[in-house]
Amino acid sequence: MEPKERSIDKAAQKMIAHMAEAGQQNAWDRLEAQSPQCGFGKQGLCCRICTMGPCRISKKAPVGVCGADADTIVARNFLRAVAGGASAHSDHGRGVAEVFVATAKGEAQGYRIKDILKLYKVAEDLGVKTNNRSVNDIAKDVGQVALGEFGKSEGTQSMAKRAPKPRQEIWQKLGITPRAVDREIVEALHRTHMGVDQDYENILMHASRTALADGWGGSMLATELQDILFGTPYPGRGEVNLGVLKEDEVNLIVHGHEPILSEMVVAASQGEDMLAEAEKVGAKGINVAGICCTANELLMRHGVPIAGNFLSQELAIATGAVELMAVDLQCVMQGLAEITKCFHTKLITTSDKAKIRGVEHVSMEEGTALDTAKEIVKMAIDNYKNRGAVTIPDEKKKAVVGFSHESINYILGGRYRASYRPLNDNIINGRIRGVCGIVGCTNPKVPHDYTHVTLAKELIKRDVLVLTTGCATIACSKQGLTNPKEAWELAGPGLREVCEAVGIPPVLTCGSCVDNSRLLVACTEIVREGGLGEDISEVPAAGACLESITEKAISIGHYFVASGVLVVFGEEFLPVSGSKNVSDYLFGGIEKDLGGRWAVESDPVKAAELIIAHIESKRDALGINKAKERKLYDMADRRALSIE
Ligand code: BF8
Ligand code: SF4
């Protein structure tokens, strides 16, 4: 397959060609080696839950050995995927909460509570008293209450109380207000054990509750605590793509998800001592760049450049310019270990939860975080001398990034009247038709970045404001869609007018995948501001991920659906087609219960049509689509108006 068919990103194309010439393998090659892939798995029809199986459902054998039918098996696989995704986000959130508590106690090296205003706000949400108390005392309690949210024995998720009242009532009526995060995940594994829950609707209802525990629990806690600890993002400039790597500096890439590692690496790399060390080896500086969601976290908060998204991780190594790649957890390919063997690049793992066989492990613990980060930076510097030939593609784009709920509020309304009013007003008057979240991964089964970028372009052209997270946000930034001047040209007239007036791009970068919780908060604020319905399901909004890979993406998609939003995935990436009943429920029936639903569409142009039709139908239902043209009165009108 030609590099152009593998990626729309010119930097990626160059590196793919370069790797092919050198006979080096990447994810696209391994996908080819795996083809054809199992058709049962693609449809969700393979069950490996007990050793009477594995069972595969077909016409010849319509039920498994235990009698489980296609509906049960597909629903069970779906729930297990949601539980896997929710566990990843939530364990990340728990990790942050632990560092948060340690910081408040003064036991974490190098960290401090940065956003005190937000600490007060989150304290209120979690029921922590703030009057006459020190910042660290409040933070200690906030961290401990947050930790409790994962495993508490009673009650429901505190953050879920942020949702609009009618939304909370829907969840209560269905009995799916999420309880402790751990409990929902454990129950998901229990229910999907052999011989337990065998009613697909009942299984899917718990999938909704588990996903909600992620969105309004683990992910939201992770985002909020990270903002307090590392700073709430506000708009700033940054650069994105492999061209951010520097020929004459020590390049250190941080890759993964938890900013606990990367924040300290950035801090360590800026120290005078480290810069002096770099000079000693002949480098002009230390260039830290990010890959995947860690990159989003760092760019949003510190303007640290992004080298690429998921499918760029191996390509970055193949430039030969990376002295060290430090990974923590999630979305880290084991293939990295192989490709680093061809270059001088040192790969190190840092999370005790995520080691790679044969790769050096440097354990990152909060008590010694800064020292460990310095050690990592020093390793990168020491490796500079081993660098061989370098091929850095000359591709990078400027981006304006850092759109948290707080910063959107501030930009739209100003410091003294921070509010979503201007956004709501412009949706109501039709300059902006609605809002769409484009989120998630880059899957080698479709051309890298293609669907995210095409969908975003189609939507902004039609005056839909786009909010992005995860690898999708990096894809859009690589094509200039988050650079205001470049992207305004591509926006429809109404959206362009609003964006120019406010000074924002029509595609907003909202952060990493756990930061999808920011989009839940944004939807809630739109409702609270008034004029666009009483519940999230009434807002002209949708979500999409046409290149999804992970269980995390399925959990995210499902918590949006369970919060009342239409979510569109690429067809192959939602493995439920093996059961008509499950598909019918997720694509239709669930809307009656929860107000949101799933849809599948692999073509981004058609997906845009689907999303716009949905947005317009929501506008119709709100009654904001009535033509408001000036009426020219004829004599009959005048007579009707005249008072006799
Ligand atoms: O959490 S978008 S490939 S990097 S899963 Fe992974 Fe998907 Fe990228 Fe971040 Ni999210
Ligand atoms: Fe087969 Fe049932 Fe066991 Fe699944 S649980 S592997 S369908 S026997």
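The preceding data block contains the structure.
Attention in this report is confined to the structure presented alongside it. (Residues numbered from 1 in each chain as written. Chains lettered and ligands numbered in written order. Predicted model: local features only at pLDDT ≥ 70, side-chain atom pairs only at ≥ 80, totals over all residues. Heavy atoms only, no water.)

Looking at the packing of aromatic side chains
Right, so step 1: In total, this model carries 6 aromatic pairs according to the counting rule given.
Right, so step 2: Between Phe-78 and Trp-598, the ring centres sit 6.2 Å apart and the planes meet at 85°, which makes this aromatic pair edge-to-face. One end of the pair, Phe-78, is in helix α5 (residues 70-104); the other, Trp-598, is in strand β16 (residues 597-600), with 520 residues separating them in the sequence. For the residue pair Phe-78 and Trp-598, the accessibility class agrees, reading buried in each case.
Right, so step 3: Between Tyr-234 and Tyr-410, the ring centres sit 6.1 Å apart and the planes meet at 75°, which makes this aromatic pair edge-to-face. (Phe/Tyr/Trp six-rings, centres within 6.5 Å; stacked < 30°, edge-to-face > 60°. Helix = DSSP H or I, 4+ residues; strand = E, 2+ residues; numbered from the N terminus. Buried < 20%, exposed > 50% of the residue type's maximum accessible area, 1.4 Å probe, protein only.)

Here we look at the packing of helix α19 (residues 450-461) against helix α20 (residues 470-478)
Right, so step 1: For the pair α19 and α20, interaxial distance at closest approach is 9 Å and the crossing angle is 70°. Taken together, the axis directions place α19 and α20 in an arrangement best described as roughly perpendicular. At the point where α19 passes α20, the crossing takes the right-handed sense. Residues His-452, Val-453 and Ala-456 of α19 form the contact with α20, whose own contacting residues are Ala-472, Ala-475 and Cys-476. (Axes fitted to C-alpha atoms, helices over the stretch in contact; angles between N-to-C directions. Parallel < 35°, antiparallel > 145°, perpendicular 65-115°, else oblique. Left-handed = near helix turned anticlockwise from the far one by under 90°. Contact = heavy atoms within 4.5 Å.)

Observations concerning the site of ligand 2
Right, so step 1: Neighbouring ligand 2 are the residues Cys-47, Ile-49, Cys-50, Met-52, Gly-53, Cys-55, Gly-64, Val-65, Cys-66, Ile-73, Arg-76 and Met-194.
Right, so step 2: Partitioning the shell around ligand 2 into residue classes produces 9 nonpolar, 2 polar and 1 charged. (Near = heavy atom within 4 Å. Nonpolar A, V, L, I, M, F, W, Y, C, P; charged D, E, K, R; others polar.)

Re the packing of helix α7 (residues 135-151) against helix α10 (residues 200-230)
Right, so step 1: It is the contact of α7 with α10, at a shortest axis distance of 10 Å, that shows an interaxial angle of 160°. Taken together, the axes of α7 and α10 are roughly antiparallel relative to one another. Crossing of α7 against α10: the hand is left-handed. Between α7, through Val-142, Ala-146, Glu-149 and Phe-150, and α10, the contact on the second element is made entirely by Gly-218, Leu-221 and Leu-225.
Right, so step 2: Of the residues belonging to the contact of α7 with α10, the class tally is 5 nonpolar, 1 polar and 1 charged.

A short note on the coordination of the nickel atom of ligand 1
Right, so step 1: Of the protein atoms, Cys-513 (SG) alone serves as a donor to the nickel atom of ligand 1, at 2.2 Å.
Right, so step 2: Around the nickel atom of ligand 1, the 4 donor atoms sit at angles spanning 93 to 149°, and that spread fits a shape best called irregular.
Right, so step 3: With respect to the helices and strands, Cys-513 occurs in the loop between β13 (507-509) and α23 (516-529). (Donors = N, O, S within 2.8 Å, 3.2 Å for Na, K, Ca; no water. Tetrahedral: all angles 85-135°; square planar, octahedral: opposite > 155°, others 65-115°.)

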